[in-house]
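# Notes for the structure review
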Amino acid sequence: MLRGRTPLAAACILCIALAQSCSSDYSDDQSFVWGVLQSQSGGLPEGWVGDGMNGWQQDPGAYQGTYFNSFSSPCDVCITNNGIVYAADTQNHRVCRWDASGIANGWIGGGQSGWQQTSGTVPSGTDVTYFYEPSGVSVDSQGSIYVADKRNNRVCRWTGSGSFDGWIGGGEPGWQWGQAPGYGDSPAHFSWPVGIWIQGSFLYVADSNNHRVTRWDLDGTPNGWIGGGTDGWRSDWGTTNYSPDPRCFYFPMDVCVAPSGYIYVADMANNRISRWDDSTGDSCGWIGNGAGAWLLTGESASPYSMLGYFNMPTGVLATGEAVLVSDSDNNRICSITLAGASTGWIGGGSPGWKKYDGANGTSEMSGFSTPGGICLSRSQRLYVADKNNHRVSRWSMVPLSVTDTVPPGPVTNFSAAPGGSSQIDLGWNASGDDGMTGQASGYIIRYSTSAITSDYDFFAATDCPNNMHPNSPGSPENLALDGFMSGPQYWFAIKVVDEFFNMSMMAVVGPVTIPS
């Protein structure tokens, strides 16, 4: 029997908060998260995607829609090493994929398998290939996509090719199949999961209506939870307390793990960001009352718009130099030092970092309306799920003088060989960030059943989703790909990308055939 409070018991908060705010996500691997450079030429909007148009737009907008390249209240966004953007299109009950140039590249959900390119209403549902208000999205190093399926009380996993691959949250360890579970408060249940984060071999989930953050092994085994008024990772059942105690949460909406080993949580209804020790599960303070330092006192913060305060924070991302906060009802993204001092915010309809009170919601390119999930690319571009503007916006976090036009070198010793009845194993030696110097950011790998001889052939070929982070130049690397048939000939091509999405020349191998 399931245990725990019904979501309806918190209707007053949820009608105000979850209707206006949303879960958040972030770059899901600390290798994405670079320090934020704040200067007069940083914090500049670069455009947005949505509204039924392809490419990064710079006009005010956008409108809610059901086109395959539109959004309806997107609540989360993440980006991979090779520049692919995934967005939780919450009220359209789907997860969308966009390439680095802002071109829509399909969606999953709606009872379908594979990436869909159609427009129209996508139904919600409880079966395996449906979502019901997906509110968080993250991608692991193998390219698997994890989705916080909020109203279905589960976290789903999909392959990079768009096939359903199981869910967790029904009270049992391991990835499950079948209808969505009910809510509950056992260590293996959720009640409206929202923000998610992947760090190493762990999956972290902001379990909002259970007022806790849970940790799972990537094999689907629960690995403890924090909150409820005590320190340390817990494994017991029971309704968690929600209060201003620094060891409690009140509708946590987002979670991330910093390179320092701290867990940061957007504690929405307490109007604060709390910090925890990942190794011990102990509370390490909170910020949000304008003090400019981490506090251990038991109090919720006031929902002010002054610098150093938050009003319903729904997203958090910690880099090696700063903590970024999606300050949802203040319609801004704030930057906080690791010591807890506020250093400014972006939004409000004008570019650049600001240090005064504000901001108002706006559809201008340089503004937000109830922002949610945030993530940061290797090129120090900030991506924001701008929920009530029905778009995903992109901002530059670096001075304009920081440029890089030198592409990576191509990989060497590119090879392909059958690895099983449906598997092909690729191998190569890594190149560099600038030619053969430095360390690149990602790979774009594609295949075709005809020869790939040009860039046109390359971009017309089928993508092999991955989230690999290249090793140092000359290092051997490999990738096993599945789902191929015996008989046909296959050609493979690979390009290397750097943090500014400069691409290398193409390396090609083929044909290769899986024996009958």
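Residues numbered from 1 in each chain as written. Predicted model: local features only at pLDDT ≥ 70, side-chain atom pairs only at ≥ 80, totals over all residues. Heavy atoms only, no water.

### Things to note about the packing of aromatic side chains
One pass over the structure, following the stated rule, counts 23 aromatic pairs. With centroids separated by 5.5 Å and ring planes inclined at 35 degrees, the aromatic side chains of phenylalanine 71 and tryptophan 98 adopt a geometry described as tilted. One end of the pair, phenylalanine 71, is in the loop between strand S2 (53-57) and strand S3 (74-79); the other, tryptophan 98, is in strand S5 (residues 94-98), and 27 residues separate them in sequence. Taken as a pair, phenylalanine 71 and tryptophan 98 share a single burial class, namely buried. (Phe/Tyr/Trp six-rings, centres within 6.5 Å; stacked < 30°, edge-to-face > 60°. Helix = DSSP H or I, 4+ residues; strand = E, 2+ residues; numbered from the N terminus. Buried < 20%, exposed > 50% of the residue type's maximum accessible area, 1.4 Å probe, protein only.)

### Thoughts on the sheet that holds strand S8 (residues 145-149)
Here we have four strands laid out as an open sheet, ordered S7-S8-S9-S10, and antiparallel in their pairing. Whereas interior strands pair on both sides, the edge strands pair on one side only; in this sheet they are strand S7 (134-139) and strand S10 (164-168). Each adjacent strand pair in this sheet contributes to an overall mean axis angle of 20 degrees, direction not counted. (Pairing = 2+ DSSP bridges. Axes fitted to C-alpha atoms, helices over the stretch in contact; angles between N-to-C directions.)

### Here we look at unusual backbone geometry
Across the junction of glycine 510 and proline 511, the peptide omega takes the value 0 degrees, indicating a cis bond. With respect to the helices and strands, the residue proline 511 is situated in strand S34 (residues 507-513). In this structure, asparagine 153 takes a positive phi of about 55 degrees despite not being glycine. Mapped onto the secondary structure, asparagine 153 falls in the loop between S8 and strand S9 (154-158). On the basis of relative accessibility, which here comes to 5%, the residue asparagine 153 falls in the buried class. Non-glycine residue methionine 312 carries a positive phi angle of around 60 degrees.

### What to know about the environment of threonine 462
Checked against the element boundaries, threonine 462 lands in strand S31 (residues 462-463). Classification of threonine 462 as partly exposed rests on a relative accessible area of 40%. Between the alpha carbons of threonine 462 and isoleucine 445 there is a distance of 8.5 Å; along the sequence they are 17 residues apart. In this structure, threonine 462 is in contact with Ile445, Arg446 and Tyr447, ignoring residues within four places of it in sequence. (Contact = heavy atoms within 4.5 Å.)

### A word on the pairing of strand S20 (residues 313-318)
Counting buried residues along S20, six of its six residues qualify, which places the element largely inside the surrounding structure. In this structure, S20 lies alongside strand S21 (residues 322-327), joined through five bridges in antiparallel fashion. Bridge pairing in S21 places leucine 317 opposite leucine 324. Remark: three residues form the turn of the hairpin made by S20 and S21, two consecutive strands paired antiparallel.

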